[in-house]
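Each chain, written out:
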Amino acid sequence: MNQPFKPAISATGSLRRRLIVQLLVIAALLSVVLYVSVSTFARQAAETTQDNILEASAAAISEAARAERDQVFLDIPYSALSMLGAVSEERVFYRVMVDGVTITGYADLPAPEVPPKLRRPSFETTVFRGDEVRVVATVRRITVADETVRLTVLVAQTRAGLAAISLRISIAAAAVGIGFFLVSGTLSWFAARNALRPLDLLAQSVARRGAHDLRPVRSDAPSELVPLLVALNSFMDRLRASLMRTEEFIAEAAHRVRTPLATVRAQAEIALRSVKQPHNRQTMREVIRAVDESSRSAGQLLDHAMVTFRSDNLARTEFDLEELARDTIRGIGPTADLKDIAIRFSAEAGLGKVKGDAILVQSALRNLLDNAVKYSPEESTIEVAIARKGRTARVSVRDQGRGFGDGDVERLKGRFDRGTNVADVVGSGLGLTIVDEVARAHGGSLDLASNERGNGACVFLTLPLA
Amino acid sequence: MRLPYLAACLTGLLVLAAGPAAAFQIEEERNFPVADATATLEIISTGDLAIFAPLVEAFQARNPGIAVHYITASSTALMTALYEERAVFDIAMSSAMDLQTKLANDGYALTYTSATTATLPEWARWRDQVFAFTQEPAVAVVSKKAFEGLPMPGNRNELIALLRENPERFEERVGTYDVRSSGLGYLFATQDSRQSESFWRLSEVMGRLRARLYCCSGQMIGDVASGRLAVAYNVIGSYVKFNGNDDTWIVPFKDYTNIMLRTVMIPRTTRQPDLAGRFVDFLTAPENRPAISNLSGLPPIDPETLEVEAALRPIRLGPGLLVFLDQMKRRTFLRAWLSAMVQP
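Residues numbered from 1 in each chain as written. Chains lettered and ligands numbered in written order. Predicted model: local features only at pLDDT ≥ 70, side-chain atom pairs only at ≥ 80, totals over all residues. Heavy atoms only, no water.

### Let's talk about the state of the cysteines
All names here are of chain B. Applying the stated criterion across every chain yields a total of one disulfide over all chains. The residue that forms a disulfide with cysteine 215 is cysteine 216, at a sulfur-sulfur distance of 2.2 Å. For the disulfide bridge between cysteine 215 and cysteine 216, the dihedral angle about the S-S bond is near -90 degrees, and by the sign convention the bridge is left-handed. The exposure class of cysteine 216 is partly exposed, given its relative accessible area of 34%. (Disulfide = S-S within 2.5 Å. Buried < 20%, exposed > 50% of the residue type's maximum accessible area, 1.4 Å probe, protein only.)

Written out as structure tokens, the structure reads:
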């Protein structure tokens, strides 16, 4: 029962990790899409800008052409070429042709493969004089000496600056993409944590429960967790019912054993009085002693069942601990007298009241005193004291018995666990269990120690004050 | 000195070796030998030796063991050497910004970047291939004596009015570049035609006065000093030396003043780009500007002055300069210029 719960479950993956990984993959995809679309769009925008300037330049040259003295005459406007140098320091080439014959410019500048149509310039990217160039071609008709000729103007510009701009934009787009990924990655982490927080809270609230807390879980949960919670609660209900049945069974059994035992004891007492032979009297005494032990054990089983039952629905009434202690001591008096044991009681003045179940606390005190008497030698003293300690009242019971021995003292609080040094004394191993459960049900504690004034044990029962 | 070239010719690696046998026309040539030379820097330049020799020597003082072979050529000859003949040079310096731009645009220049070139203002470099190291205004130089009794002109319109109203005084005493033969003159004239319509009126007036046409600024300045010329138009202002002569005067045009940027570049034919880079750094380093200015008399790059004086307009490096190099455009321009300047 007090073994720590070890999950015999190995985790297969993590919900949070799965969630984060999926969100990160989505973020990465979106980042790539963002990068590609931004850099493509920017590159196209830059190319369109260059095309527009080239077209304007070619148009300016084309419009400056006129017919003069039976031939085409061209006076290139200064702005036609200088506009190309306004934005970047690109190399500039041009070529003017009349019906395919170059009249001025760079005669080796290649024309785009797609010939331009009227008012429909054609563009091409090609290599000229060792550099990549963008070429525009425009065409217009011009009448020279009653004859219509085609005037083709080519203007070309290198693309080194454009490539640099594209690279800069690509780098910026990449930075934006990476930034987007980092931000969305961080947000995914938070989102995954938030989404799984109710699960964590539920797990924590279940894990925090006491060993005997089988009340249904009442925390609010998101709809996805409700089926789990319902199943958990129904499971705990069944467990509780099953435990209850067991305890009831034990109590019933103990009760049924105790009544005939009382009859046996009474008969044995009567028989003892009539028996004269010392040998037979001894036998009868042993019978009585054995019956007493059995009755005691049955009583403790009953007590334990009662503690379990009453702890579940703990009564919260205020009572006087000192008075309760005196009553209990009075009750154990005859048993102590048999061994000539004196019980000394002291209580701090103005202690105040304790809130809880008086019947349970009395049962706990009785078990403590019972133990003390049982393990004390004849003609010894048991000291019972009640002292205030902060917001708690502490009952200490000191005897001059054999103490707890060398074993693990905490273990003694477990059910049916007994000390290593008490094999010769009959006992059920339930006494300290009952005390411990009562203490815990009240939010108090049971502490076991050796008697600091010589031999014997010292037991502290701490209960919170009202 | 010539040994590397002989060796190169012998191994057949180089057919168009720079040297006396080159097809382009060399005006001046000088070796700047040093003892134990480890390398020879080949320079082709439009700048006169008289101006550049101290600079070369200053470079050699800072870079021991470097011999220099310096060739002076006209800007067109420089273009021919690099563009058509693919002559081997480590450095090309020129006042013809348009031709330098064309060389870079058409792929004849090497890209060079260094911490020093990065300090140049943006308008003073192009594509990290063409680097400006001087800013030289195109001015009108007049002889005060010739203008006696007349108000000094403050802008082109006033100059035009003066010339027009006093033909007897200025007949054959006006000089300017012959733009047909001078690359720099062509650059100045084309930039003038962009700046203002007054250029064509001025050309017409000068043509009517039967203006003298020159190849170079130095001669025009000399003729103003000697009194042969009353006005020399579009002269490089920094060439004017006032040594004791208080008759020569530079007209501070308030309408606009074109600023020519003398530029340096590393031709693609170089075989020692690192050494060439050192020379570029030497010319463009801000800390060298005072020294270069003192040694050569050329005005250094000075962004602050340009900001203060609104009339100073540096000619912008860039593809715009290619426009006036267009064969058809050049023909048109020269025809217009000729009909204005050379009148029957």
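### So, a negative patch on the surface
Residues and elements named next belong to chain A. Where like charges cluster on the molecular surface, the negative patch consists of Asp70, Asp99, Asp146 and Glu147. Within the secondary structure, aspartate 146 is located in the loop between strand 6 (131–144) and strand 7 (147–158). Residue class for aspartate 146 comes out exposed when judged on its relative accessible area of 80%. (Patch = residues over 30% accessible without salt bridge, like charges linked within 9 Å, V, L, I, M, F, W, Y side chains within 5 Å. Areas by Shrake-Rupley, 256 points an atom, 1.4 Å probe, with all protein chains shown as cover. Salt bridge = Lys/Arg side-chain N within 4 Å of Asp/Glu carboxyl O. Lys, Arg positive; Asp, Glu negative; His and termini not counted. Charge placed at Lys NZ, Arg CZ, Asp CG, Glu CD. Helix = DSSP H or I, 4+ residues; strand = E, 2+ residues; numbered from the N terminus.)

### Digging into the sheet that holds strand 12 (residues 392–398) of chain A
Residue and element names in this part refer to chain A. Taken in spatial order, the five strands of this open sheet run 9-11-12-14-13, and their pairing is mixed. Edge positions in the open sheet fall to strand 9 (342–347) and strand 13 (445–450), since each of these has one partner strand only. Across the sheet, the mean angle separating the axes of adjacent strands is 15 degrees when strand polarity is ignored. Pairing of strand 13 with strand 14 (residues 457–464), which is carried by six bridges, proceeds in the antiparallel orientation. Looking across to strand 14, one finds that serine 445 is bridged to threonine 462. Taken strand by strand, helix 7 (residues 321–338) contacts strand 9, strand 11 (381–389), strand 12 and strand 14, and its axis lies near 175 degrees from that of strand 9. Contacts from helix 9 (residues 431–441) reach strand 13 and strand 14 within the one sheet, and its direction differs from that of strand 13 by about 135 degrees. (Pairing = 2+ DSSP bridges. Axes fitted to C-alpha atoms, helices over the stretch in contact; angles between N-to-C directions. Contact = heavy atoms within 4.5 Å.)

### Let's talk about the domain arrangement of chain B
A common way to report how large an interface is uses the accessible area buried once the components associate. Residue and element names in this part refer to chain B. As assigned here, chain B comprises domain 1 (3–135 + 261–316) and domain 2 (136–259 + 324–341). Centre-to-centre separation of domain 1 and domain 2, based on C-alpha positions: 28 Å. Taken residue by residue, the interface counts 21 residues in domain 1 and 21 residues in domain 2. Interface area for domain 1 against domain 2, summed over the two sides, is near 1,700 Å², with a carbon-plus-sulfur share of 58%. When the buried surface of domain 1 facing domain 2 is broken down by residue, Asp98, Arg313 and Ile315 rank first, second and third, together holding 35% of it. Applying the counting rule to domain 1 against domain 2 returns one salt bridge. Between arginine 262 and glutamate 136 there is a salt bridge, and its shortest N-O distance comes to 2.7 Å. Taken together, the links from domain 1 to domain 2 amount to eight residue pairs in polar contact (both at pLDDT 80 or more). Mapped onto the side of domain 1 that touches domain 2, the elements with two or more residues apiece are helix 3 (75–84), helix 4 (97–105), strand 6 (130–143), strand 11 (257–265) and strand 12 (312–314). (Domains from an automatic or database assignment. Buried area = accessible area lost by both parts, 1.4 Å probe. Polar contact = N/O pair within 3.5 Å; in protein donor to acceptor, adjacent residues only side chain to side chain.)

### As for the packing of helix 7 of chain A against helix 8 (residues 358–375) of chain A
Residue and element names in this part refer to chain A. Between helix 7 and helix 8, the least distance of the axes is 9 Å, while the angle of their chain directions is 40 degrees. Accordingly, the angle class assigned to the pair helix 7 and helix 8 is oblique. Here the hand of the crossing between helix 7 and helix 8 comes out right-handed. For the pair helix 7 and helix 8, contact is made by Leu321, Leu324, Ala325, Asp327, Thr328, Ile329, Ile332, Thr335 and Ala336 and by Ala358, Val361, Gln362, Leu365, Arg366, Leu369, Asp370 and Val373, respectively. Of the residues contributing to the contact of helix 7 with helix 8, the split by class is eleven nonpolar, three polar and three charged. (Parallel < 35°, antiparallel > 145°, perpendicular 65-115°, else oblique. Left-handed = near helix turned anticlockwise from the far one by under 90°. Nonpolar A, V, L, I, M, F, W, Y, C, P; charged D, E, K, R; others polar.)

### Concerning the UniProt feature "transmembrane region" (unreviewed entry) in chain A
Residues and elements named next belong to chain A. UniProt's entry tags residues 20–38 and 169–192 with the feature "transmembrane region" (unreviewed entry), counted in the numbering of this structure. Each end of residues 20–38 is marked by a C-alpha atom, and these two atoms are 26 Å apart; helix forms 100% of the span and strand 0%. The annotated region residues 169–192 carries 100% helix and 0% strand content, and the separation between its end C-alpha atoms amounts to 34 Å. (UniProt positions renumbered as here; feature names shortened; annotations may be inferred.)

### Comments concerning a nonpolar patch on the surface
A cluster of nonpolar side chains, namely Leu15, Leu199 and Leu228 of chain A, defines an oily patch on the protein surface of about 260 Å² accessible area. By secondary structure assignment, the location of leucine 15 of chain A is in helix 1 (residues 15–64).

### Here we look at the sheet that holds strand 7 of chain A
Remark on secondary structure: sheet strands pair via backbone hydrogen bonds, oriented parallel or antiparallel. Residues and elements named next belong to chain A. Across the sheet, which stays open at both edges, the five strands sit in the order 4-3-7-6-5 with antiparallel pairing between neighbours. Sheet topology places strand 4 (101–105) and strand 5 (122–128) at the edges, where each strand pairs with a single neighbour. Strand after strand, the sheet turns through a mean of 30 degrees between neighbouring axes, direction not considered. In this structure, strand 3 (residues 92–98) lies alongside strand 7, joined through seven bridges in antiparallel fashion. Bridging across to strand 7, valine 98 finds its partner in leucine 151.

### Section: the side chain of threonine 462 of chain A
Residue and element names in this part refer to chain A. Following the sequence through the fold, threonine 462 ends up in strand 14. Threonine 462 gets classed as buried once you look at its relative accessible area, which sits at 12%. Setting aside residues no more than four positions away along its own chain, threonine 462 makes contact with Thr392, Ala393, Arg394, Gly444, Ser445 and Asp447.

### Observations concerning the pairing of strand 14 of chain A
Residues and elements named next belong to chain A. Of all eight residues making up strand 14, seven are buried, and the element is well covered by its neighbours. As paired elements, strand 12 and strand 14 share seven bridges and run antiparallel to each other. Along strand 14, the bridge assignment pairs threonine 392 with proline 464.

### Regarding the environment of leucine 369 of chain A
Residues and elements named next belong to chain A. As for its placement among the helices and strands, leucine 369 is situated in helix 8. Note on leucine 369: relative accessible area 4%, which makes it buried. Along the chain, leucine 369 and isoleucine 250 lie 119 residues apart, while their C-alpha atoms are 24 Å from each other. Contact partners of leucine 369, with chain neighbours within four places excluded, come to Thr328, Ile329, Ile332, Val384 and Val397.

### A look at the interface of chain B and chain A
Across the contact, 26 residues belong to chain B and 26 residues belong to chain A. Summing the contributions of chain B and of chain A, the shared interface buries around 2,100 Å²; its carbon and sulfur component is 47%. When the buried area of chain B at its contact with chain A is split by residue, Arg127, Pro319 and Met328 of chain B rank highest and sum to 27% of it. Between chain B and chain A we count three salt bridges in total. Across the pair arginine 335 of chain B and glutamate 68 of chain A runs a salt bridge whose closest N-O atoms are separated by 3.8 Å. Elements with a minimum of two residues in the side of chain B that touches chain A: helix 4, strand 5 (125–126), helix 7 (183–195), helix 13 (320–323) and helix 14 (327–341) of chain B. The element best represented in the side of chain B that touches chain A is helix 14 of chain B, accounting for five residues.

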